[in-house]
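Structural overview
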Amino acid sequence: GRLARLLLDHYQPENGQSAPRNLTLDQMAETVGTTRELVSRILHRFADDGLIRVNRMEFIFTDRNKLEELAGQE
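All of the points below concern the structure found in this document. (Residues numbered from 1 in each chain as written. Predicted model: local features only at pLDDT ≥ 70, side-chain atom pairs only at ≥ 80, totals over all residues. Heavy atoms only, no water.)

With that settled, consider the nonpolar core. Core analysis: the largest hydrophobic core is formed by 23 residues, its most contacted members being Met 28, Leu 43 and Phe 46. If you list the elements that add at least two residues to this core, you get helix H1 (2–11), helix H2 (25–32), helix H3 (36–48), strand E3 (58–61) and helix H4 (64–71). In terms of residue count, H1 provides more of this core than any other element does, 6 residues in total. (Core = buried A, V, L, I, M, F, W, Y, C linked by side-chain atoms within 4.5 Å. Buried < 20%, exposed > 50% of the residue type's maximum accessible area, 1.4 Å probe, protein only. Helix = DSSP H or I, 4+ residues; strand = E, 2+ residues; numbered from the N terminus.)

Here it is in structure tokens:
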């Protein structure tokens with residue numbers, strides 16, 4: 001939930017639009033209080049579940065509503 005909230009707050013995505021990836025895994029991990037490995041794993045899970053598409057340069061948000069649901073489950 002915390003990582004979903006970070007993505008929504010920091011990148012303020014719209015479905016289908018890309019956002020430049022300007023936070024490192026370490027910065028994300030520090031912000032949400034976990035490890036970079038766990039952040040990486042969760043980002044890939046979000047991608048596998050069809051919530052985002054992710055690469056080294058950008059995020060593309062494909063299901064903002066589901067991210068909002070996850071963010072609200074903290």
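It is worth spelling out the pairing of E3 at this point. Looking down a regular strand, the side chains alternate between one sheet face and the other. In the sheet, strand E1 (residues 18–20) pairs with E3 via 3 bridges, with the strands oriented antiparallel. Paired with Ala 19 across the strands is Phe 59, a residue of E3. Sheet topology note: the strand E2 (residues 52–54)/E3 ladder contains 3 bridges and is antiparallel. Note on E3: the bridge partner recorded for Val 54 is Phe 59. Remark: 3 residues form the turn of the hairpin made by E2 and E3, two consecutive strands paired antiparallel. (Pairing = 2+ DSSP bridges.)

Before going further, it helps to spend a moment on H4. Residues lying three or four places apart along an α-helix face the same way, a consequence of the helix completing one turn every 3.6 residues. Along H4, the positions that sit buried rather than exposed are Leu 67, Leu 70 and Ala 71. The arc enclosing the buried residues of H4, seen along the axis, measures out at 100°, which places them on a common side. The elements touched by buried residues of H4 are H1, H3, E2 and E3. (Arc of directions from axis to C-beta. Contact = heavy atoms within 4.5 Å.)

As a further point, take the environment of Gly 72. Mapped onto the fold, Gly 72 is located in the segment after H4. Residue classification places Gly 72 among the exposed residues on the basis of a relative accessible area of 61%. Spatially, the C-alpha atoms of Gly 72 and Thr 24 are 24 Å apart, while their sequence positions differ by 48 residues.

So, on to the packing of aromatic side chains. With the rule as written, the count across this model stands at 3 aromatic pairs. With centroids separated by 5.1 Å and ring planes inclined at 65°, the aromatic side chains of Tyr 11 and Phe 59 adopt a geometry described as edge-to-face. With a gap of 48 residues between them, Tyr 11 in helix H1 and Phe 59 in strand E3 connect regions that are remote in the sequence. With relative accessibility at 10%, the residue Tyr 11 sits in the buried group. Taking relative accessible area as the criterion, Phe 59 reaches 0% and is therefore assigned buried. Grouped by ring-pair contacts, the aromatic residues Tyr 11, Phe 59 and Phe 61 constitute a single cluster. (Phe/Tyr/Trp six-rings, centres within 6.5 Å; stacked < 30°, edge-to-face > 60°.)

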